[in-house]
Amino acid sequence: MNTETPTFPLAFGLSTFGDVTAGGDGRPISHAQTIRDLVGHGVAAEQAGLDFFGIGEHHTDDMPLSAADVVLSAIAARTERIHLGSAVTVLSSDDPVRVFQRYSTLNAVSDGRAEIILGRGSSIDSFPLFGYDLSDYEDLFEEKTNLFAHLREGGPVTWEGRTRAGLRDQDVVPHLESPLPTWIGVGGSPESVIRTAHYGFDLMLAVIGGPAARFAPYAELFHKALEQFGRPIRRIGLHSPGHVAATDEQARAEFWPHYRDMIAKVSATRGFAVPTEASFQRELGPDGSLYVGSPETVATKIAANLRILGADRFDLKYGIPGMTDESLLTAIRLYGEEVVPRVRELLA
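Criteria and thresholds
Residues numbered from 1 in each chain as written. Predicted model: local features only at pLDDT ≥ 70, side-chain atom pairs only at ≥ 80, totals over all residues. Heavy atoms only, no water. pLDDT = per-residue confidence, 0-100. Contact = heavy atoms within 4.5 Å. Axes fitted to C-alpha atoms, helices over the stretch in contact; angles between N-to-C directions. Helix = DSSP H or I, 4+ residues; strand = E, 2+ residues; numbered from the N terminus. Parallel < 35°, antiparallel > 145°, perpendicular 65-115°, else oblique. Left-handed = near helix turned anticlockwise from the far one by under 90°. Polar contact = N/O pair within 3.5 Å; in protein donor to acceptor, adjacent residues only side chain to side chain. Buried < 20%, exposed > 50% of the residue type's maximum accessible area, 1.4 Å probe, protein only. Salt bridge = Lys/Arg side-chain N within 4 Å of Asp/Glu carboxyl O.

Averaged over every residue, the pLDDT of the protein is 93; residues scoring 70 or more account for 94%. Overall, residues 1-6 carries pLDDT values under 50, and its contacts beyond four positions in sequence, including any with other chains, amount to nine contacts.

Here it is in structure tokens:
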């Protein structure tokens, strides 16, 4: 039983869903150019001093990043220090063996800089695409997480389940040369928090609406569950959307219309309320989940919420379909060069 105080260093990352940006004429750029630009974003993130760059799996016209590991490998070839990973991989509609093989390969290509964040998938586009039944939503994730945990341990794997064929003394290659940090992204399920502790993975709290403080009980539950399972203390991260510009006014003007349009587009299928200017202002405030503003504004909010959750990592989900590549590159630079140092000062 581990009762030591966590001593993890603060870490700061960026993540994206590969949101399609707009060209100078306001029209969406091509999927191919989006992907090429994203490689540049990963390079810019390292140049700005950030610790992690992640790509979330999506399969839609305005978020076409369906093969994140391929793009991350391209970024790995042009960087030396930054950690690279998924944010998230929808494990429920993928095969754990192939996921392990892809990210163990990325770990080799990047010389040990790969990470993976597993998720059930709040966006369900991948289920019909790959022939999975949504009625199996929970069972798929539970079984596949169990198999992934076996694979991550290394050595021949013997495993039986209901949702895929079993394995018997199976050697799964390539072997890991260094550990593969593994997180589970949790958006509001205490069962998922307990599952994360059971497997000894790190916990990434995805807060996309309302106050981060409502997730504080989940952080406490995670620590208690780790203790009950006899696991060592693990990391807790906070993942939320936002945008950084020179001033609060500029950041809000660049972000708001695209945020409004995106949420309105997915509201019918995701159950989100269509945002109004009033609700947007609430989310910008101390009890909201949007980190939109000047470097000082964003840094102050990040520092406050890391304290509330006892978290040691913050990943900013940057970009919204329709924004310009120029504004995103500026946001990356400001986040790494101005926001992160200020957060470190506030939490020193």
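Before going further, it helps to examine the packing of helix α10 (residues 295-309) against helix α11 (residues 325-347). Look at α10 against α11: their axes get within 8 Å of each other, and the N-to-C directions meet at 45 degrees. The angle between α10 and α11 falls in the class oblique. For α10 against α11, the interelement crossing comes out right-handed. On the side of α10, the interface is formed by Pro 295, Glu 296, Val 298, Ala 299, Thr 300, Ile 302, Ala 303, Leu 306 and Arg 307, while α11 contributes Leu 334, Tyr 335, Glu 338, Val 339, Arg 342, Val 343, Leu 346 and Leu 347.

Bringing the side chain of Asn 107 into the picture now. Within the secondary structure, Asn 107 sits in helix α3 (residues 96-109). There is a polar contact of 3.2 Å between the side chain of Asn 107 and the side chain of Ser 178. Every residue in contact with Asn 107, bar those within four places of it in the chain, is listed here: Gly 112, Arg 113, Ala 114, Leu 176, Ser 178 and Pro 179.

Moving on, we get to the environment of Leu 72. Counting through the fold element by element, Leu 72 comes out in helix α2 (residues 68-77). Judged by relative accessible area, Leu 72 falls into the buried class, the value being 0%. Along the primary structure Leu 72 and Leu 84 are separated by twelve residues, whereas in three dimensions their C-alpha atoms are 6.3 Å apart. Apart from residues lying up to four places away in sequence, Leu 72 is in contact with Phe 53, Ile 55, Leu 84, Gly 85, Ser 86, Tyr 103 and Leu 106.

Residue Ala 87 is joined to Val 88 through a cis peptide bond whose omega torsion reads 10 degrees. Secondary-structure assignment places Val 88 in the loop between β3 (83-86) and β4 (89-90). A cis amide bond, omega 0 degrees, links Val 173 with the succeeding residue Pro 174. Of note, Asp 111 is a non-glycine position whose phi angle comes to about 60 degrees, a positive value. For Asp 111, the position within the fold is in the loop between α3 and β5 (114-119). Unlike most non-glycine residues, Asp 169 shows phi in positive territory, near 50 degrees. Inspection of the secondary structure puts Asp 169 in strand β7 (residues 167-170).

Another aspect to go through is the environment of Ser 178. Along the chain, Ser 178 falls in the loop between β7 and β8 (182-186). Counting along the chain gives 71 residues from Ser 178 to Asn 107, while the straight-line C-alpha distance between them is 7.8 Å.

Moving on, we come to the pattern of salt bridges. What the rule picks out here adds up to 17 salt bridges. The salt bridge involving Arg 313 is made with Glu 115; its shortest N-O contact spans 2.9 Å. On the criterion of sequence distance, the pair formed by Arg 313 in strand β12 (residues 313-318) and Glu 115 in strand β5 is long-range, its members being 198 residues apart. Among the salt bridges present, the one from Arg 333 reaches Glu 337, with a minimum N-O distance of 4.0 Å. A residue pair is termed a helical-turn pair when its members lie 3 or 4 positions apart in one helix, as Arg 333 and Glu 337 do in helix α11 at four residues.

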